[in-house]
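These are the residues of each chain, in order.
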Amino acid sequence: MKRREFLKTLTYAAMWTGGHSCFGWSLTTEPIGGAGIDEESGRTRAELEKMFDAIAEAHAKEPFIVTRTKWLTALFDHVRLAANADDAFVHWFADCDLLDRRRGLRLRAFARSAPERERCGAGMNATNGAWLARLDTSHTCPDWESILSLGPKGLADRARKRRETAKTDDERLFLDCVAEVYDALSRLCVRWAAVAETRGMRACAESLRAIAARPPRTLREALQLSLVYDRGQEAEGECVRSQGLFDRLYVKFYRDDLATGRESRDSAKALLADYFTRLYAQHHPNGKNIGFGGYDAEGVPVWNEITELGIELHDELNRPNPKLTYRFGKNTPREQLEKVTTCLANGRTSIVFANEEVLSEMFRRRGKSVEDIAQYVLVGCYEPGIQGREIVASMAAEVNLAKPLEAVFNSGKDFAGSPLGPACALPENAEAFEHAYLRQLDAMITSAVEAARMCERAWYDLNPAPFMSGAYRDCIANAKDYSQGGCRYNQSGIMCGGIGTVADSLAAVRYLVDEKRLVTMAELAEILRADWKDHEELRRRVVRSAPKWGNNDDRADLPAKRVYDAVTARINAESNGHGGTFQAGFWSIDRDKPFGDCTAATPDGRKAKTPISRNSAATAGCGKEGPTAILLSNAKLDLAESPDGHIADVILPASLAKASFGAAGIAAFLRSYFEMGGQCIHLNCFDPSTLRDAMAHPENYPDLQVRVCGWNVRWNDLSRREQVYFLATAEGQTR
């Protein structure tokens, strides 16, 4: 099982690094524990493929949304279904990648249809590591309130009712497609109930028949509908990257069950445990995000029975997935926060913390209502969005902040000769170098934004989504697919990675050229072109002595702030291609490695083809002043201007977290950062000595978890290169 999970992660990582024409995926491998497919319950893959070919031919002259609707309807009616007698819920069916694969072919054809489209969806190599742009269908939070309050039949009926007042043929077509796919979802539930019945899953079968006919009334029915919907949307090709504000969505079902005697606390907890297990069994490479806590629209902190059970289960199950978001702020009671930080003290670090005050201010600056702000979630890893009302598309483009450094040294080209920005003379000093860097970066952002916008303008023709759109209340009210801007908020994110490497490099130029006069700018350019060859002593001096981001040192932090301010002002003012704006995000997840692989040596002492800094952390091994200094550096930025997200990466020594610090100390540490203006933060809790021993004796650490960047994995599933990275970072931060 572990091998299958690990191979799935490796396959995904290779796909991602290579670049896909659309950033989305369907989970296609057999889930952990086996799928339990009933081979007699549907058609074979080959038969489905023939059916899909016939549908495509029959509807070739109609809008593509018709073909996609017919494909999805055929899948729901004829796919083979899985059920396992030991499970409380069903959650899997075969061949769920068919629509996604065909969508991929359409996207590749689009990219090849005109020279100006060639970089749409191309990998990092197409721009020599500078940036990439894509159609991002992988970062969504469904309208869970509509789904749970209406059920499949209610969603279909809502579309039909809205059709009565539709004004155009396009509106009527969209609403017809929505009704068709949700009618098919009801039929899927009935089919699945029959399979579950044959496996002895009587309670599951009853819940499936119930949600086929009406909205869920019990916790079991609501959780089952969530899993069915999740599978349906991902089969359509749009990843479900948030299960929503879980405690708010499900507490009414829990309370009704307890009031009527259908469930006890223990039996309800067992249902939630099985639901968490079903999400874990999908072995989604980046995890399923579940939201808890936060303020309601009146500013009252949310903590209820489901919050309590969810945090309990996260601690007891000790799994990397599902991962949790916990929203808290100044008004959150101490005892509530400490119940969550107890998980961290116990090594359950698959939690990201979100600051109510800063994120509320961020949303307010973008014109969002108080009622909507109360419903925000973190989508994917740590990208803020409004549950059920916003398309986040947080990775419409990625920008390698370190790449323009080469262009400054090489007149607008990287050292391989690929154009990046305008031609420029070699600057004479650090101030001129920084100005030239910002000019080159601006040109790169322009290219990335234009390519992402081009992808999005073709979105409806490339990836209409009647299933996902049909759940969004605003898409129905506007009678528009989400790809046409049908949601209330239609945003797209530009992920910017490597701020630590850039800050360190700008500080290093000042140190080397202006202050110590160890080299001229021209000499430094040639040293970097040669990857520090024959200058190892100088390189070591820069690494050891030049100022570094993440140490509360203004000599590095202020250049970072100037870059941050320029980038956020630039990106946040850009319109996207589907009725909204682009939004700047300062994080990189695990792109530090592929970005670094495409980036030449940098002035901070980094060698070519090695990782750049990750997220907003210090460069590995360079955060020598400890965790508090990293937070102080980040807090110098106006983090309400990172609407696509900002994350602080911190390592706390496990010995400190479990002993003198404990849950109360971790809670105080988090509060201090949020009071300084932090946006989001996640923590690792381990000692370098533990990591060294785990590298030498992996058999002794089967349950050791690591927060990689936006998700957790088992330590033993990391590559040796990744283990060395974490060891270096831990040694730097915990001195």
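Source: prediction; values computed, not measured. Each chain carries its own residue numbering, running from 1 in the written order of its sequence. Owing to the predicted nature of the model, reporting of local features is limited to residues with pLDDT of at least 70; listing and counting of side-chain atom pairs is limited to 80 or more, with chain, interface and lining totals taken over all residues. Values reported for side chains reflect all heavy atoms of the structure, with hydrogen atoms and water molecules removed beforehand.

1. Remarks on the state of the cysteines
Part 1 of the argument: In plain terms, two cysteine sulfur atoms within 2.5 Å form what is called a disulfide here. Under the defined criterion, the tally for this structure stands at 0 disulfides.
Part 2 of the argument: Between Cys177, a free cysteine, and Cys475, which holds the nearest cysteine sulfur, the sulfur-to-sulfur gap is 13 Å.
Part 3 of the argument: Three exposure classes are used, based on accessible area relative to the maximum for each residue type with a 1.4 Å probe and protein chains only: buried under 20%, partly exposed in between, and exposed over 50%. For Cys177, a relative accessible area of 4% corresponds to the buried category.

2. Considering the side chain of Thr341
Part 1 of the argument: Secondary structure counts use DSSP, requiring at least four H or I residues in a row for a helix and at least two E residues in a row for a strand, with both numbered from the N terminus. Within the secondary structure layout, Thr341 lies in helix H12 (residues 334–345).
Part 2 of the argument: The contact definition used throughout considers only heavy atoms, calling two residues in contact when any of these lie within 4.5 Å. Once you skip the residues sitting within four places of it in the chain, Thr341 turns out to touch Phe353, Ala663, Ile666, Ala667 and Leu670.

3. Topic: the environment of Ala354
Part 1 of the argument: The residue Ala354 is located in strand E8 (residues 351–355) in this model.
Part 2 of the argument: Owing to a relative accessible area of 0%, Ala354 belongs among the buried residues under this scheme.
Part 3 of the argument: Considered as a pair, Ala354 and Ala74 are 280 residues apart in the sequence and their alpha carbons are 41 Å apart.
Part 4 of the argument: Excluding its chain neighbours within four sequence positions, the residues that come into contact with Ala354 are Thr325, Tyr326, Arg327, Phe328, Leu359, Tyr376, Leu378, Phe674, Gln679 and Cys680.

4. Observations concerning the sheet that holds strand E17 (residues 680–685)
Part 1 of the argument: DSSP bridges decide pairing: two strands pair if at least two such bridges lie between them. Here 5 strands make up an open sheet; going across it, the order is E6-E7-E8-E17-E16 and the pairing mixed. The outermost strands of the open sheet, each flanked by one partner alone, are strand E6 (289–293) and strand E16 (647–652). Along the sheet, successive strands turn relative to each other by an average axial angle of 25°, direction set aside.
Part 2 of the argument: For E16 and E17, the ladder comprises 6 bridges, and the chain directions are parallel. The partner of Leu652 across the bridge, within E17, is Cys685.
Part 3 of the argument: Interaxial angle, 0 to 180 degrees, is taken between N-to-C directions of lines fitted to C-alpha atoms, where a helix line uses only the stretch in contact. Across the sheet, helix H13 (residues 356–365) lies against strand E7 (323–328), E8 and E17, angled at about 65° from E8, the strand it touches most.

5. Let's talk about the sheet that holds strand E15 (residues 582–586)
Part 1 of the argument: One open sheet accounts for 4 strands, arranged E4-E12-E14-E15; its pairing is mixed. The open sheet has two edge strands, strand E4 (131–133) and E15, and neither has a second partner. Taken over all neighbouring pairs, the strand axes of this sheet differ in orientation by 15° on average, direction set aside.
Part 2 of the argument: Of the strands in this sheet, E4, strand E12 (397–400), strand E14 (492–497) and E15 are in contact with helix H16 (residues 430–457), which crosses E4 at around 15°.

6. With respect to the pattern of salt bridges
Part 1 of the argument: By salt bridge we mean one thing: a side-chain nitrogen of Lys or Arg within 4 Å of a carboxyl oxygen of Asp or Glu. Scanning the entire structure with this criterion turns up 67 salt bridges.
Part 2 of the argument: One salt bridge connects Arg365 with Asp638, and the closest N-O pair in it is separated by 2.9 Å. Of this pair, Arg365 sits in helix H13 while Asp638 sits in the loop between helix H25 (627–634) and E16, and the two are 273 residues apart along the sequence.
Part 3 of the argument: Counted as one network, the salt bridges with shared partners bring together Glu39, Arg45, Arg80, Asp95, Asp97 and Arg101.

7. Let's talk about a positive patch on the surface
Part 1 of the argument: Patches here: salt-bridge-free residues with over 30% relative accessible area, like charges joined within 9 Å, nonpolar side chains (Val, Leu, Ile, Met, Phe, Trp, Tyr) joined within 5 Å. Per-residue and other accessible areas were derived by the Shrake-Rupley procedure at a 1.4 Å probe size, with only the shown protein chains allowed to occlude residues. Positive charges come from Lys and Arg alone, negative charges from Asp and Glu alone, with His and the N- and C-terminal ends not counted. Charge positions come from single atoms, namely NZ of Lys, CZ of Arg, CG of Asp or CD of Glu. A cluster of basic residues, Lys516, Arg541, Arg544 and Lys624, forms a positive patch at the surface.
Part 2 of the argument: For Arg544, the position within the fold is in helix H22 (residues 536–545).
Part 3 of the argument: Judged by relative accessible area, which is 57%, Arg544 ranks as exposed.

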